[in-house]
Amino acid sequence: MNSIIDRLTSVEKQSSQYEQRLQCLKNSLNATDLGKQCKMAKTLPEEAYLVSLLQATKELFAAAIKSSCNNLSNPPISVAQSTQKTVDYQCNSAMQIIKKVKDEGLTLVDGSKVKPHDIAVNIVRHIPENDIFGTVAVAGPGFINVNIDANYICRKVRDMLVYGVHVKPHESRKRVIVDFSSPNIAKEMHVGHLRSTIIGDCIARIFEYLGHEVLRINHVGDWGTQFGMLLAHLAEKFPDFVTKPPPISDLQAFYKEAKVRFDSDEDFKKRAYECVVKLQAKEPEMFKAWQEICDISRKEFKKVYDILGIEDLQEKGESYYNELMVELVEDLTNKKLLCDDEGRKLLYPSEGRGNHLLIVKSDGGFTYDTSDLACLKYRIEKEKADKIIYVTDKGQALHFYGLFDCAVDLKYYDPKSIDVVHVGFGVDKKKFKTRSGDTVRLLDLLDEGMQRSLKKLEEKGRDKVLTEDELKAAQHALAIGCIKYADLSHDLTLDYQFSFDRMLDDRGNTAVYLLYSLTRIRSIIRNANVSKPAEELAKEIPALKLQHPRELRLAKYVLKFPEIIYQIANDLRPHTLCSYLFDLSVVFSEFYEQCYCIEKVNTKEGEKTKVNIDRILLCEATANVMTTALNILGIKTLSKM
């Protein structure tokens, strides 16, 4: 019997090793695919890229202002989207330039009078020749109003249909590390981990979409003194754990049992500390037991990640940096940078915005601060990161400010060349608890979402229309999409309240509304029964023919997509993309109400169906942008729902 168990243990170990190798291979292939995508992107012609109309407008005005005010130091560039419905963009630089002109006692190149209106007129005269601006007019005391050329709009929508939805990177390709999720081994994932996972994955998708190399890192809590009590409890409850994997189905309950003993039994506490020492020394039996506990947790984490569609998340927990922490402490000690505080070793940042770091405890043990500092050093020196993004709740902001400032003081990185940021999100205002007071398991929460989404579809009668497979796909897309969208559409800096009722509402800015809107657009396109794909139809024409104000308004809003992507890459707030999606769907509805895509017309031969191909192509462009945006949010789309 023992030999059979030994063989099973050996097979299980080999299986675990193969899984790790498979993951490494998968990561390698994904990196290769990303490289291929970037290489392919480089071969695309210039017209294949969507241009940020706001950025293009700023650049044209920057050139005009530099040319017209070349004797003025650092002339201000002030361009924004206009609040007027009949104007696309407005340049207010003349109002700001007038003060600098007077302060510096200068005149314009052509000697124009020093008045805002004259400055504005002079700027307009120096706008470089381009095919983007349609009308440019000076209004009021010196405002410059711009409308984008309709022909340019029609041509860019056509190009998007031919080449796809591509946004040109606004900076050189970088290696970006996004640290998110980070659950603790032997503890259940909760709503806080859900927020970090959803937001972090979305940020990673943004940078991948822009062609950067992205590493998704899961910094799990898999090391520390808490494992001493778990290992001591495991050794006593399952003394043959070395040969027989412990049948622990509920690791959370097991953790609570160990914690109760640790808090109430001094002898047990002593044995727990001894187990920590053995673990740190990597004694074979203790190390194997620790691996068993970690594997149990990983299986639970994987269930959550699979449901959420989280891929390529590489685990590098605190244990990964164990030896690096020893080297770090030795280096800081030798350089006499640590301050003694009743036996504790502290590291103080030169800047006062963050907390100090507790590097060594009074008992000689290391802390989360030690691990985080060693980790940051490793990511910069070994993983060669150009940008590192930590996604946690905002309650940890002071810790990260202190961490970053200490790292700069130690010259681990120069903030001018390497960007290290903390994205802090609000916490759940109303903690999800069971009747016993425990935090609701994340898997149970996701399962409830699946049940509620099915009920929502049945209320809409979709179970009578969709096939069994289509209904199942719609149920999953709706449940997970609603959970993700409700999180991402909320300004992440604000506190958050988890509510299925609000998530599954089909009115307002929700995933239900957007997914239904997208399937409605797809249905319009299908009902047109166009003989060729939109890409082929677009290739046959130089540009779409759009003249109705609602057509042009929708086309302009479709082309606003790059502007939104650049903004999120800069401020790391995904709710802007959600607001854009909702506004886009509203603009589409206004277009569809006034511009018939398919209509019945009476002819001599009788009633016929007339299809406006240009409007159908505009529908296709809208659907393509919505699909791309939802994919960036991590939300699956459906052709039928």
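Residues numbered from 1 in each chain as written. Predicted model: local features only at pLDDT ≥ 70, side-chain atom pairs only at ≥ 80, totals over all residues. Heavy atoms only, no water.

Considering helix α2 (residues 53–68)
Three- or four-residue spacings in an α-helix give side chains the same orientation, since the helix completes a turn every 3.6 residues. Stated formally: A run of DSSP states H or I qualifies as a helix once it reaches four residues; a run of E qualifies as a strand once it reaches two. Both are numbered from the N-terminal end. To estimate how far a helix should extend, the number of its residues minus one is multiplied by 1.5 Å. For the exposure calls, accessible area comes from a 1.4 Å probe over protein chains only, and a residue counts as buried if that area is under 20% of its type's maximum, exposed if over 50%, partly exposed in between. To be clear, the arc concerns the directions from the helix axis to the C-beta atoms.
Its 16 residues place the ends of α2 22 Å apart at the C-alpha level, agreeing with the 22 Å of an ideal helix rising 1.5 Å per residue. Listing the buried residues of α2 in full gives Leu53, Leu54, Ala56, Thr57, Leu60, Phe61, Ala64, Ile65 and Ser68. Looking straight down α2, one finds its buried side chains confined to an arc of 165°; they lie on one side.

What about the pairing of strand β14 (residues 419–425)?
Note the following rule: The pairing criterion is simple: DSSP has to find at least two bridges between the two strands. Orient the strands so they point away from the viewer, and a crossover whose first-strand-to-second-strand path over the helix runs clockwise is right-handed.
For β14, the tally of buried residues reaches 6 of 7 residues, placing the bulk of the element in the interior. Inspection of the sheet shows strand β13 (residues 387–393) paired to β14 by 7 bridges, in the parallel sense. Bridging across to β14, isoleucine 389 finds its partner in valine 421. Read from β13 through helix α13 (residues 397–409) to β14, the crossover connection turns out right-handed.

Here's the deal with the sheet that holds strand β2 (residues 79–81)
Paired through backbone hydrogen bonds, the strands of a sheet run either parallel or antiparallel to each other. Cut-off, in case you're wondering: Every angle, taken between N-to-C directions, lies between 0 and 180 degrees, and every axis is a line fitted to C-alpha atoms, over only the stretch in contact when it is a helix.
Read across the sheet, 4 strands follow the order β2-β3-β5-β4 without closing on themselves; strand pairing throughout is antiparallel. Edge strands, defined here as strands with exactly one partner in the open sheet, are β2 and β4 (133–139). Across the sheet, the axes of successive neighbouring strands diverge by a mean angle of 25°, strand direction being ignored. Pairing analysis gives 3 bridges linking strand β3 (residues 89–91) to strand β5 (residues 143–148), with the strands arranged antiparallel. When the bridges of β5 are listed, tyrosine 89 appears paired with valine 146.

Observations regarding the packing of aromatic side chains
We apply this condition: Working definition: rings of Phe, Tyr and Trp (its six-membered ring) pair if their centres are within 6.5 Å, and the pair is stacked with planes under 30 degrees apart, edge-to-face with planes over 60 apart, and tilted otherwise. A ring is scored as having a charge over it whenever the NZ atom of a lysine or the CZ atom of an arginine sits within 6 Å of its centre and within 35 degrees of its normal.
Applying the stated criterion across every chain, the model contains 16 aromatic pairs. Seen from their ring centres, phenylalanine 262 and tyrosine 273 are 6.0 Å apart, and the 70° between their planes marks the pair as edge-to-face. Here phenylalanine 262 is found in helix α8 (residues 251–264), whereas its partner tyrosine 273 is found in helix α9 (residues 266–280), with 11 residues between them in sequence. Judged by its relative accessible area of 41%, tyrosine 273 is partly exposed. Consider the rings of tyrosine 390 and phenylalanine 400, whose centres lie 4.9 Å apart with planes at 40°: the pair is tilted. With a gap of 10 residues between them, tyrosine 390 in strand β13 and phenylalanine 400 in helix α13 connect regions that are remote in the sequence. Here tyrosine 390 and phenylalanine 400 have matching classes, each one buried. Grouped by ring-pair contacts, the aromatic residues Tyr209, Tyr557, Phe561 and Tyr580 constitute a single cluster. The ring of phenylalanine 262 has lysine 269 lying over it, and the distance from NZ or CZ to the ring centre is 5.2 Å. Between the NZ or CZ atom of lysine 377 and the centre of the ring of tyrosine 412, over which it lies, the distance is 5.5 Å.

Some details on the nonpolar core
As a reminder of what qualifies: Buried Ala, Val, Leu, Ile, Met, Phe, Trp, Tyr and Cys residues that are joined via side-chain atoms within 4.5 Å together make up what is termed a nonpolar core. Here a residue-residue contact requires only that any non-hydrogen atoms of the pair lie within 4.5 Å.
Counting 164 residues, the largest nonpolar core has Ile389, Phe561 and Leu633 as the members making the most contacts within it. If sequence neighbours within four positions are ignored, leucine 633 has contacts with Cys202, Lys484, Tyr485, Leu488, Leu577, Cys578 and Leu581.

Concerning the pattern of salt bridges
We count it as follows: By convention in these notes, a salt bridge is any Lys or Arg side-chain nitrogen within 4 Å of a carboxyl oxygen on Asp or Glu.
This model, assessed by the stated rule, comprises 41 salt bridges. Between arginine 155 and aspartate 131 there is a salt bridge, with the nearest N and O atoms lying 2.7 Å from each other. With arginine 155 in helix α5 (residues 150–163) and aspartate 131 in the loop between α4 (116–125) and β4, this pair connects stretches of sequence that are 24 residues apart. Judged by its relative accessible area of 28%, arginine 155 falls in the partly exposed class. With a shortest N-O distance of 3.1 Å, lysine 303 and glutamate 300 are connected by a salt bridge. Taken as a pair, lysine 303 and glutamate 300 lie in helix α10 (residues 284–308) at a separation of 3 residues, close to a single helical turn. Exposure remark for glutamate 300: the relative accessible area of 23% places this residue in the partly exposed category. Salt bridges here are not isolated pairs; linked through shared partners, they connect Asp201, Arg205, Glu208 and Arg216.

Digging into α4
Along α4, the residues that are buried comprise Ile119, Ala120, Asn122 and Ile123. Projected down its long axis, α4 shows its buried positions confined to an angular sector of 165°, all on one face.

A word on the side chain of histidine 219
Selection rule: Here a polar contact means two N or O atoms within 3.5 Å. Within protein one must be a hydrogen donor candidate and the other an acceptor candidate, and residues neighboring in sequence count only if both atoms are side-chain atoms.
Structurally, histidine 219 can be placed in the loop between β8 (213–218) and α7 (226–237). For histidine 219, a relative accessible area of 9% puts it in the buried group. At 3.3 Å, the side chain of histidine 219 forms a polar contact with the backbone oxygen of lysine 316. For histidine 219, the residues in contact, after removing those within four places along its chain, are Asp179, Ser182, Lys316, Gly317, Glu318, Tyr321, Ser371, Asp372, Cys375 and Arg379.

Regarding unusual backbone geometry
Phi at serine 181 is positive, roughly 75°, even though this residue is not glycine. Looking at where serine 181 falls in the secondary structure, it is placed in the loop between β7 (175–179) and α6 (191–209). When its relative accessible area of 3% is taken as the criterion, serine 181 is described as buried. Look at alanine 186: it is not a glycine, yet its phi comes out positive at around 75°. Along the chain, the position of alanine 186 falls in the loop between β7 and α6. By relative accessible area, which is 1% here, alanine 186 ends up buried.

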